[in-house]
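# Remarks on the overall topology
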Amino acid sequence: MLLRKIGIVARIALIVTAALFVSQLFVVISYLHGERSPPPPFAIAKRIVAVVRLLDETEIRNREDVLAVSSVSGFQVSVISAMPEGFKDDFSLGRMGVLTRKMIDDLEPGRVVRVGAVRSGEHRRNSSLMTFVVGLKSGEIARFSVSDETTLRVWNLPVGFLAGFFGIVVAIIAVLAVARETRPLAQLARTVDELGNRIEPVQVKERGARELRTLIRAINAMQGRILGLVNNRTLFLGAISHDLKTYLTRFRLRLEMMPAGTHREKAIHDVETMEQLLNDVLLFASESSAGSEKETVELNAAVSTSAIEVAPSGAVQLALSADPLNVRLPRKALRRVIDNLLSNALRYGTHARIRTERRDGMACLIIEDDGPGIGEKDMPFVFEPFFRAEPSRNRSHGGTGLGLAIVRQILDAHGGAITLENRTAGSGLVATVCLPAEGAAR
């Protein structure tokens, strides 16, 4: 419960702080309990050879100065008369001994060169002390005590490397933790983006930080308010349409009773156009409200039915998919999409060709006509309500300019899409509609 009350900023701060604390704690523990290993063998051997050469060439009275200069932190040199009592070779340091002996043999072959390791109470706990014993020309023994207080090793790896490695691991874990905390935010972004294509509310589960849960709750409430506003608009337009239709019906009855003539026919045509406009406006408003329940519809069957009912005989050429294409949306909505597009194709052309196919899990309907097409400057606006392209697609062809707007609104509400493009060869327009198909091939 306490975690639910912590904001997203505080959560990220805690994650970063914990990551830094863990990495620093590991470094401290490694320093306190890690084993110190010797420096590189070549550097040690080279320095021992240099000191041995210097001791061989220095007079005995000046030897103390050489020893003082050669002895530094972690590298102590002394001259003794005989081999240290109880000295034992450490075979784990054999490589060090072989390398040192080889370099000493370059000075004078046959010298005594031995290497061992002892634990010294004078050094820090767990420090490693190596002892090199090298014979001098004078018959004395040069003793080299080499220790390393700077290079820490854990599991035989430098502690600096381990600190960097575990720092990267901890950083990756921190990133994954932050990603987990922000996952509800990504889901919310996808839901809000989906809201732009549909009107039905999409309830988002409240989870995550306090601020994020508050935002999700507000968006869920906003969806309900938007749906209410749209439904109220639909009811308002429906009421107006009903009343206007009543007056138009009376007006038309009066026109029918007038003597026949040119003015009477024009008036009746105007009344019919107004009725069509009212029907289209009401349809456009109703499609933007919460739709009816979805059902599974076979696309090929719907296309065949529309082609028979809408198109004159011989005006439509069908090339339907051999496999069934099932889509999920209201049957009336799908028929409205097909009828509107097919009517447009035959209104501006004389023939239409309809194809259906499956594309990447989508059921696609392609309608081609042989009309004049749409100008490139008008193409971005053809889906706007009441827009008519000029001069090819104007009021003289009939329609109210809402057909394509209704089509896209239906498709957006059911996860579909529509694209329009002029034919590359010859004149005409190609309308491509794609809807999510059920039982898509995997």
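As a reminder, the structure under discussion sits directly above these lines.
Note that the structure is predicted; figures quoted are calculated from it, not measured. (Residues numbered from 1 in each chain as written. Predicted model: local features only at pLDDT ≥ 70, side-chain atom pairs only at ≥ 80, totals over all residues. Heavy atoms only, no water.)

A word on helix α9 (residues 331-348). Across its 18 residues, α9 extends 26 Å between first and last C-alpha, which sits within 8% of the 26 Å expected from 1.5 Å per residue. Looking at α9, one finds that the buried residues are Ala333, Leu334, Val337, Ile338, Asp339, Asn340, Leu341, Leu342, Asn344, Ala345, Leu346 and Tyr348. (Helix = DSSP H or I, 4+ residues; strand = E, 2+ residues; numbered from the N terminus. Expected span 1.5 Å × (residues − 1). Buried < 20%, exposed > 50% of the residue type's maximum accessible area, 1.4 Å probe, protein only.)

This next bit is on unusual backbone geometry. Look at Asp360: it is not a glycine, yet its phi comes out positive at around 50°. Within the secondary structure, Asp360 is located in the loop between β11 (352-359) and β12 (362-369). You can call Asp360 exposed: its relative accessible area is 80%.

The next thing to look at is the packing of aromatic side chains. Across all of its chains, the model carries one aromatic pair by this definition. Ring plane angle 50° and centroid distance 5.9 Å describe the contact between Phe75 and Phe144, whose orientation is recorded as tilted. Of this pair, Phe75 sits in strand β2 (residues 75-80) while Phe144 sits in strand β5 (residues 141-147), placing them 69 residues apart in sequence. Side by side, Phe75 and Phe144 carry an identical accessibility label, which is buried. (Phe/Tyr/Trp six-rings, centres within 6.5 Å; stacked < 30°, edge-to-face > 60°.)

Turning our attention to the nonpolar core. Judged by nonpolar contacts, the single largest core of 41 residues is most densely connected at Leu299, Leu334, Leu341, Leu365, Ile418 and Leu420. Counting residues per element, the ones that place at least two in this core are α8 (299-310), α9, β11, β12, α10 (403-413), β13 (417-422) and β14 (429-436). Here the element with the most residues in this core is α9; it accounts for eight residues. Counting residues in each nonpolar core, the second largest holds 22 residues, with Leu55, Leu67, Ile104 and Val115 among its members. (Core = buried A, V, L, I, M, F, W, Y, C linked by side-chain atoms within 4.5 Å.)

Interaxial distance between α9 and α10 falls to 9 Å at its minimum, and their mutual angle equals 145°. Note on packing geometry: the crossing formed by α9 with α10 is left-handed. In contact with Ala333, Arg336, Val337, Asn340, Leu341 and Asn344 of α9, α10 contributes Gly403, Leu404, Ile406, Val407, Ile410 and Leu411. Counted by class, the contact of α9 with α10 contains eight nonpolar, three polar and one charged residues. (Axes fitted to C-alpha atoms, helices over the stretch in contact; angles between N-to-C directions. Left-handed = near helix turned anticlockwise from the far one by under 90°. Contact = heavy atoms within 4.5 Å. Nonpolar A, V, L, I, M, F, W, Y, C, P; charged D, E, K, R; others polar.)

Applying the stated criterion across every chain, the model contains one disulfide. Between the sulfur atoms of Cys364 and its disulfide partner Cys434 the distance amounts to 2.2 Å. Across the disulfide from Cys364 to Cys434, rotation about the S-S bond amounts to roughly 105°, and the bridge is consequently right-handed. In this pair, Cys364 is assigned in strand β12 and Cys434 in strand β14, connecting sequence segments 70 residues apart. Neither Cys364 nor Cys434 differs from the other in exposure class; each is buried. (Disulfide = S-S within 2.5 Å.)

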